[in-house]
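A look at the structure
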Amino acid sequence: MPFRLLLDCDPGLDDALALLLAHGDPDLELIGVTTVGGNVTLQNTTRNALRLREYLKFPKVPVSAGAAGPLTRQFRDAAHVHGAGGLGSVTLPEATLAVTGIHAVDFIIDTLRATPGAVHLVATGPLTNIALALEKEPAIARWAASFTIMGGSFTRGNATVAAEFNIWADPEAARIVFDADWQVTMIGLDLTLQAQANSIVVDRLSTLGALADDLIVPLATFYFNPNVPDWDGQAVHDVCAVAYVARPDLFETRPARVDIETTGEFTSGMTVVDFDAPSPNAMVATRLDVNGFWAYVETVYARVAAEHTG
Ligand code: RIB
Ligand code: CA
């Protein structure tokens, strides 16, 4: 029985690769995609999700658009990383199918309410939609089979020295999410920076044919700079969050109390992780079976690539 998965995302280079995994793994059933403003504008993240849906041929999966920006702060994107359109150098054919008429927040609530305990919720962008859904219907915290995010860090940030982008983009939303009545699995930078598409991985991906040439490799290498010392390849951050649902065996996690800094002059958006806390609210991923991860991901990608007709 596949794990049913609802992905809230901001495609985004690695979000797109996460969607490919969620679609391609027979042990996962992607039952919905919701979009949020983040890497690029909501208009572009939603356009990318719609285009990817048709290009990868999962037209029956509903796509619902959500929040354009954070709960209270100004919208700040990562277009300098993902490109103005959000998919780097990749241009996909225009979508012919539209979003559902339902707001992402209502889609999340309705989907989780319909089958309590059956749907795994994953978020790979700013947590605005998730926070709004919790505020509108706190019971989603009980209805979700599990809740996994790509976000945060117990060491370094990337948006700032202290904060990872998804949390930094909307710290108030992240605080609501981590304080809700569920256990968050936090796949943070400490884990995802172990999942770098280095030259050996890219060489193997490059053998997968047209899908690799036109999508996978350009997405996985867009901003990699080989001249930067000690940088082996682009991290496929969001792929790790989806991979955790299907293959938690590839991950080591530890219980921790995670609090979100929302007022620090230099630390706003920091995930303050206490592994010694008596009342943990999260499982924080610490270690990845890197070879096992790539073997899994490449097997799924090869499966989709073999059936891909462009
Ligand atoms: O910090 C990495 C995260 O920020 C990823 O989700 C990436 O897509 C960006 O949204
Ligand atoms: Ca993302």
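Above: the structure in question.
In this text the structure is predicted, and so the values were computed from the model without any measurement. (Residues numbered from 1 in each chain as written. Chains lettered and ligands numbered in written order. Predicted model: local features only at pLDDT ≥ 70, side-chain atom pairs only at ≥ 80, totals over all residues. Heavy atoms only, no water.)

1. Observations regarding the site of ligand 1
How we decide: When we say a residue is near a molecule or strand, we mean one of its heavy atoms is within 4 Å of it. We call two N or O atoms a polar contact when they sit within 3.5 Å, provided that within protein one can donate a hydrogen and the other can accept it, with sequence-adjacent residues counted only if both atoms are side-chain atoms. Shrake-Rupley sampling with a 1.4 Å probe provides the accessible areas, and residues are treated as covered by the protein chains on show and by no other component. Space inside and on the surface of the protein is sampled on a 1 Å grid over the protein atoms alone, with a cavity defined as a set of points where a 1.4 Å probe fits but cannot get out and a pocket as an open set with protein on both sides within 12 Å along at least 5 of 7 lines; lining residues have an atom within 4 Å of a point. A cavity or pocket is said to hold a molecule if more than half of that molecule's atoms lie within 2 Å of its grid points. Only DSSP runs of H or I with at least four residues qualify as helices, and only runs of E with at least two residues qualify as strands; both kinds are numbered from the N terminus onward. Charged means Asp, Glu, Lys or Arg here, nonpolar means Ala, Val, Leu, Ile, Met, Phe, Trp, Tyr, Cys or Pro, and polar covers whatever is left, Gly included.
For ligand 1, the set of nearby residues contains 13 residues, the closest of which are Asp14, Thr124, Asn158, Glu164 and Asp238. A distance of 3.2 Å is found between an oxygen atom of ligand 1 and a side-chain nitrogen or oxygen belonging to aspartate 10. Aspartate 238 places a polar side-chain atom, nitrogen or oxygen, 2.5 Å from an oxygen atom of ligand 1. Contact with the protein chains covers 96% of the free accessible surface of ligand 1, which is 280 Å². Counting atoms within 2 Å of the grid points, the majority share of ligand 1 lands in the largest pocket. Within the residue set of the shell around ligand 1, elements represented by two or more residues are helix H1 (13–24), helix H7 (165–169) and helix H12 (237–246). Looking at the shell around ligand 1 residue by residue, the class counts come to two nonpolar, six polar and five charged.

2. Quick look at the pairing of strand E9 (residues 251–260)
Definition in use: The rule for pairing is simple: two strands pair if DSSP sees at least two bridges between them.
The pairing of E9 with strand E11 (residues 282–288) spans six bridges and is classified as antiparallel. Within E11, the position partnered with alanine 256 by the bridge is alanine 282. In the sheet, E9 pairs with strand E10 (residues 271–274) via four bridges, with the strands oriented antiparallel. For arginine 257, the partnering residue across the bridge sits in E10 and is aspartate 274.

3. Digging into the coordination of the calcium ion (ligand 2)
To keep things clear, this is the line we draw: For Na, K and Ca the donor cut-off is 3.2 Å; for every other metal, N, O and S atoms count as donors within 2.8 Å. Water does not enter the count, which can leave sites looking incomplete.
Of the protein atoms, only Asp10 (OD), Asp15 (OD), Asp15 (OD), Thr124 (O) and Asp238 (OD) coordinate the calcium ion (ligand 2), at distances of 2.2 to 2.5 Å. In terms of primary sequence, the donors binding the calcium ion (ligand 2) are separated according to D-x4-D-x108-T-x113-D. Of the two residues, aspartate 10 sits in the loop between strand E1 (3–9) and H1 while threonine 124 sits in the loop between strand E4 (119–123) and helix H5 (128–136), which places them 114 residues apart along the sequence.

4. Section: the nonpolar core
The condition that has to hold: The term nonpolar core refers to a set of buried residues drawn from Ala, Val, Leu, Ile, Met, Phe, Trp, Tyr and Cys, joined through side-chain atoms within 4.5 Å. Each residue gets one of three labels from its accessible area relative to the maximum for its type: buried under 20%, exposed over 50%, partly exposed in between, using a 1.4 Å probe on protein chains only. Any two residues having at least one pair of non-hydrogen atoms within 4.5 Å are treated as being in contact.
The biggest cluster of nonpolar side chains holds 64 residues, and the ones touching the most others in it are Phe293 and Tyr301. Once you skip the residues sitting within four places of it in the chain, tyrosine 301 turns out to touch Leu17, Leu20, Leu21, Leu205, Leu208, Leu211, Ile216 and Val239. Grouped together as the second largest cluster of nonpolar side chains are 37 residues, Phe107, Val119, Ala139 and Ile140 included.

5. Focus on the sheet that holds E4
Worth spelling out the cut-off: In this analysis an axis means a line fitted to C-alpha atoms, helices contributing only their contacting stretch, and an angle means the value between N-to-C directions, from 0 to 180 degrees.
Read from one edge to the other, the open sheet built from nine strands follows the order E3-E2-E1-E4-E5-E6-E11-E9-E10, with strand pairing classed as mixed. Sheet topology places strand E3 (63–65) and E10 at the edges, where each strand pairs with a single neighbour. Sheet twist, expressed as the average angle between the axes of neighbouring strands with direction ignored, equals 30°. Relative to strand E5 (residues 144–150), E4 runs parallel, the two sharing five bridges.

6. Some thoughts on unusual backbone geometry
Phi at lysine 57 takes a positive value of approximately 65°, unusual for a residue other than glycine. Here lysine 57 lies in the loop between helix H2 (42–55) and E3. One non-glycine residue, aspartate 230, adopts positive backbone phi at about 65°.

7. Description of the layout of surface pockets
Note the cut-off: Grid points are joined across faces, edges and corners, and a volume is the space filled by probe spheres set on the points.
Space inside the largest pocket adds up to approximately 520 Å³. Residue composition of the lining of the largest pocket, by class: 12 nonpolar, nine polar and seven charged.

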